[in-house]
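Coordinates in review
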Amino acid sequence: MRRLETYRLIERVPHVGARVVKLSMDELLELFDVREALESMAARLAAQHMTAEEIAGLREVLAVHERQGDLASGEAYYQREGDLDFHYRIVQGSHTGC
């Protein structure tokens, strides 16, 4: 909870509890800009540094995505924490120590 508060993703109100912070449109767009820049850099570094085993794992994740009917129809987006997430695999493959 403290980490989320540090990142200004939640606010704690005394005697009330915690709630998710409401972002303005400008704050949301800024967040997307930062994410776009970081993901682009991670993809570039992953393309330079991924091992054959990491590439095979990334292809396996994509194959799982392709077999999911709700993904193909645009009704869902597959994302899990850890090794099963496409974006996480890209960050791992960048070998930046993240």
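That block above? That's the structure.
Okay, so let's go over this structure. (Residues numbered from 1 in each chain as written. Predicted model: local features only at pLDDT ≥ 70, side-chain atom pairs only at ≥ 80, totals over all residues. Heavy atoms only, no water.)

**Some thoughts on a nonpolar patch on the surface**
Our working rule: Two distance rules govern patches: like charges are joined within 9 Å, and nonpolar side chains (Val, Leu, Ile, Met, Phe, Trp, Tyr) within 5 Å, applied only to residues with over 30% relative accessible area and no salt bridge. Working definition of accessibility: Shrake-Rupley area with a 1.4 Å probe, residue cover restricted to the visible protein chains. Salt bridges are identified by distance alone: a Lys or Arg side-chain nitrogen within 4 Å of an Asp or Glu carboxyl oxygen. Residue exposure (1.4 Å probe, protein chains only): buried if accessible area is under 20% of the type maximum, exposed if over 50%, otherwise partly exposed.
A cluster of nonpolar residues, M1, L4, Y7 and L9, forms a patch on the protein surface that exposes about 430 Å² of accessible area. Judged by relative accessible area, which is 37%, L4 ranks as partly exposed.

**Describing the pattern of salt bridges**
Convention followed: Numbering of helices and strands starts at the N terminus; helices are DSSP runs of H or I of at least 4 residues and strands are runs of E of at least 2.
Under the definition given, this model contains 3 salt bridges. Linking R12 and E5 is a salt bridge whose minimum nitrogen-to-oxygen distance equals 2.9 Å. Residue classification places R12 among the partly exposed residues on the basis of a relative accessible area of 41%. For E5, a relative accessible area of 31% gives the class partly exposed. Residue R35 is joined to E39 by a salt bridge in which the shortest nitrogen-to-oxygen separation is 2.8 Å. With a gap of 4 residues between them, R35 and E39 both fall in helix α2 (residues 25-49), about one helical turn apart. The partly exposed category is assigned to R35, whose relative accessible area is 43%.

**Quick notes on the packing of helix α3 (residues 52-67) against helix α5 (residues 86-94)**
Put simply, the rule reads: Every axis in this analysis is a line fitted to C-alpha atoms, fitted for helices over the stretch in contact. Angles between the N-to-C directions lie between 0 and 180 degrees. Each angle receives one of four descriptions, namely roughly parallel if under 35 degrees, roughly antiparallel if over 145, roughly perpendicular if within 65 to 115, and oblique otherwise. We call two residues in contact whenever any of their non-hydrogen atoms come within 4.5 Å of each other. Nonpolar residues are Ala, Val, Leu, Ile, Met, Phe, Trp, Tyr, Cys and Pro. Charged residues are Asp, Glu, Lys and Arg, and all others, Gly as well, are polar.
Axis separation between α3 and α5 bottoms out at 10 Å; the angle between their running directions is 170 degrees. Relative to α5, α3 is oriented roughly antiparallel. Residue-level inspection shows E54, G57, L58, V61, L62 and H65 of α3 in contact with α5, the latter providing F86, R89, I90, Q92 and G93. Residue composition of the contact of α3 with α5, by class: 5 nonpolar, 4 polar and 2 charged.

**As for α5**
Heads up, the rule is: Comment: arc refers to directions from the helix axis out to C-beta atoms.
Burial in α5 covers these residues: R89, I90, G93 and S94. Projected down its long axis, α5 carries its buried residues within an arc of 140 degrees, all on one side. Those residues of α5 that are buried lie in contact with α2 and α3. In the stretch just after α5, H95 is the one whose phi turns positive, near 55 degrees.

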